[in-house]
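Structural features, examined
Here is what each chain is made of, one letter per residue.
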Amino acid sequence: MGYNIAIDGPAGAGKSTIARRVARELGYIYVDTGAMYRAMAVYFQEQGLTSEDLEHMKEICGGAEIVIRYENESQQVYLNGKNVTGRLREEAVGRFASVGSALPEVRAHLLELQRKLARDYDVVMDGRDIGTNILPHADVKIYLTASVRTRAERRFKELQEAGQACVLEEIEKDIQERDERDMTRETAPLKQAEDAVLIDSSEMTIEEVVQAILSVCK
């Protein structure tokens, strides 16, 4: 049984950045659940499906074997033995992943693959329902949050640096709406596990958050 660290929290709290850093510090595998949904989307595309073929997706999702490996210190995602890492950031794949992630059958199949990784390896996993649903027996559970304003400002800065036009107030409204959706959805809603340690990163640097999590692990 691997040592498992679960990091949950709302959109824009910096979970994936922090989870990657913690995994690197400890020499663990960072399980990027978003990348697994994207790999599933690649699988559907390769089967000739469109984003409207919901029933067909439910029927065939069990045929996708998705594994995350680290090679030369970078994450590589394999779909049925083939490296698909290069395709995961395609815009169409992202849209397809969003459709697939809403299907209970797809979530159930990926849940089993995620739990298998957690059984076989020492892992850090981040998401909305890791500590409450995917890894309820994780050794360490963190609920990482930040104020809506802070998260909006971080996203605004990211988009500006990428040269994209954006309005801070619109980003803030979008984050608020996303929080509401994540917290009220029927399947695995976002909430803090009873035994999770709350970390509010609003006034913290990335390094301070990483050190706080490592001290909880110790």
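Residues numbered from 1 in each chain as written. Predicted model: local features only at pLDDT ≥ 70, side-chain atom pairs only at ≥ 80, totals over all residues. Heavy atoms only, no water.

Within an unreviewed UniProt entry, the label attached to the protein chain reads Cytidylate kinase, and the organism entered is Faecalimonas umbilicata.

So, about the layout of surface pockets. Its boundaries defined by the atoms lining it, the second largest pocket holds a volume of some 330 Å³. Lining the second largest pocket are 17 residues, with R20, Y70, E73, S74 and Q75 sitting closest to its centre. At the level of elements, α1 (15–26), β2 (29–32), α2 (33–46) and β4 (74–79) are the ones that each hand at least two residues to the lining of the second largest pocket. Split into classes, the residues belonging to the lining of the second largest pocket amount to 7 nonpolar, 4 polar and 6 charged. Taken domain by domain, the makeup of the lining of the second largest pocket includes at least three residues from each of domain 1 (1–28 + 122–217) and domain 2 (33–121). (1 Å grid on protein atoms, 1.4 Å probe; cavity = no way out; pocket = protein on both sides within 12 Å on 5 of 7 lines; lining within 4 Å. Points joined across faces, edges and corners; volume = space filled by probe spheres on them. Helix = DSSP H or I, 4+ residues; strand = E, 2+ residues; numbered from the N terminus. Nonpolar A, V, L, I, M, F, W, Y, C, P; charged D, E, K, R; others polar. Domains from an automatic or database assignment.)

Another aspect to go through is empty space enclosed by the protein. Taken as a whole and assessed by the stated rule, the structure comprises 1 cavity of 30 Å³ or more. Looking at the largest cavity, the residues that line it are A6, D8, G131, K141, I142, Y143, A193 and A196. Those elements that provide at least two residues to the lining of the largest cavity are β1 (4–8) and β7 (140–145). In the lining of the largest cavity, the residues fall into 5 nonpolar, 1 polar and 2 charged.

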